[in-house]
Amino acid sequence: MDEPKGEQGGKLQGARKKPRKASPRYLENAALHYLKRYAATVSQLKRVLVRKVDRSLRFHGGDRAEALGWVEALADKLIRNGLINDKAYAEQKAQSLRASGRSARVIVQKLRMKGVAPDVVTQKLAEATAEVSEDAAARIWARKKRLGPFRRDAQTRRENRQRDLAALARAGFSFSTAKKIIDEAPE
């Protein structure tokens, strides 16, 4: 009852609550709670669960190999039940990124960072590109960022041509694509 109090009358602000002891049931509940809030790949979910396991083992001790076995078994169960599907995740992510004007390079990079298999990335990128071409995506990005033909003033457009080309290059578009979009006639 004699816990140290902070300035606001609560617990000390630097203190962390102790982690729960890792068990198959706890990991399953944590995984389901995570999947309710976020769309995730198998790799992402495993990373989250391994962090929970490591934190629990530091505090409570135990066998890491056994806990990692629980994580693998849980991931397999969630895949079988259809709660995690890397292909569906990749398809949704690739289409939304492409529709928001992202380049193929950026889409590939983001999906690989999420742990999606390279063959799935290639397939889903091709599907997204069939719907929105690289030029159309560059045009969307330029419109969102008010680059090139989407600038309000023709004088600032000429002054900022190199800057606009560089912005599209940083967004992952090729020089030829960037040049074609920036040099288009204003709408």
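What counts, and where the lines are drawn
Residues numbered from 1 in each chain as written. Predicted model: local features only at pLDDT ≥ 70, side-chain atom pairs only at ≥ 80, totals over all residues. Heavy atoms only, no water. Helix = DSSP H or I, 4+ residues; strand = E, 2+ residues; numbered from the N terminus. Rg over C-alpha atoms; globule rule 2.2 N^0.38 Å. Buried < 20%, exposed > 50% of the residue type's maximum accessible area, 1.4 Å probe, protein only. Contact = heavy atoms within 4.5 Å. Areas by Shrake-Rupley, 256 points an atom, 1.4 Å probe, with all protein chains shown as cover. Core = buried A, V, L, I, M, F, W, Y, C linked by side-chain atoms within 4.5 Å. Phe/Tyr/Trp six-rings, centres within 6.5 Å; stacked < 30°, edge-to-face > 60°.

A. Region of interest: the overall build of the protein. Secondary structure assignment for the protein yields ten helices and zero strands. Listed N to C, the secondary structure of the protein is α-α-α-α-α-α-α-α-α-α in terms of helices and strands. The C-alpha radius of gyration computed for the protein amounts to 24 Å, which surpasses the reference 16 Å derived for 187 residues by more than 25%, pointing to a less compact arrangement than a globule. With the C-alpha coordinates aligned to their principal axes, the bounding extent of the protein is approximately 70 × 50 × 20 Å. Here the protein holds 187 residues, and 35% of them are scored as buried. Look at the contacts in the protein between residues 6 or more apart in sequence, and 65% of them connect residues 24 or more apart. Total accessible area on the protein stands at roughly 12,000 Å², and carbon and sulfur atoms take up 50% of it.

B. Structural detail: the nonpolar core. If you look at the biggest cluster of nonpolar residues, it comprises 20 residues, and the most contacted ones within it are L27, L45, L49, V53 and L78. Of all the secondary structure elements, the ones that give two or more residues to this core are α1 (24-37), α2 (42-60) and α3 (64-80). Among residues more than four places away in sequence, those in contact with L78 are A31, L32, L35, L45, L83 and I84. I140, F150, L165 and I182 belong to the second largest nonpolar core, which has 16 residues in total.

C. Molecular detail of the packing of aromatic side chains. Under the definition given, this model contains one aromatic pair. For the pair Y34 and Y38, a centre-to-centre distance of 5.0 Å together with 45° between the ring planes defines the contact as tilted. Y34 gets classed as buried once you look at its relative accessible area, which sits at 14%. When its relative accessible area of 42% is taken as the criterion, Y38 is described as partly exposed.

D. Quick peek at the environment of W141. Relative to the assigned elements, W141 resides in helix α7 (residues 134-145). With a relative accessible area of 14%, W141 lands in the buried category. Residues W141 and A167, 26 residues apart in the sequence, show an inter-C-alpha distance of 9.7 Å. Setting aside residues no more than four positions away along its own chain, W141 makes contact with S100, G101, R102, A167, L168, A171 and F173.

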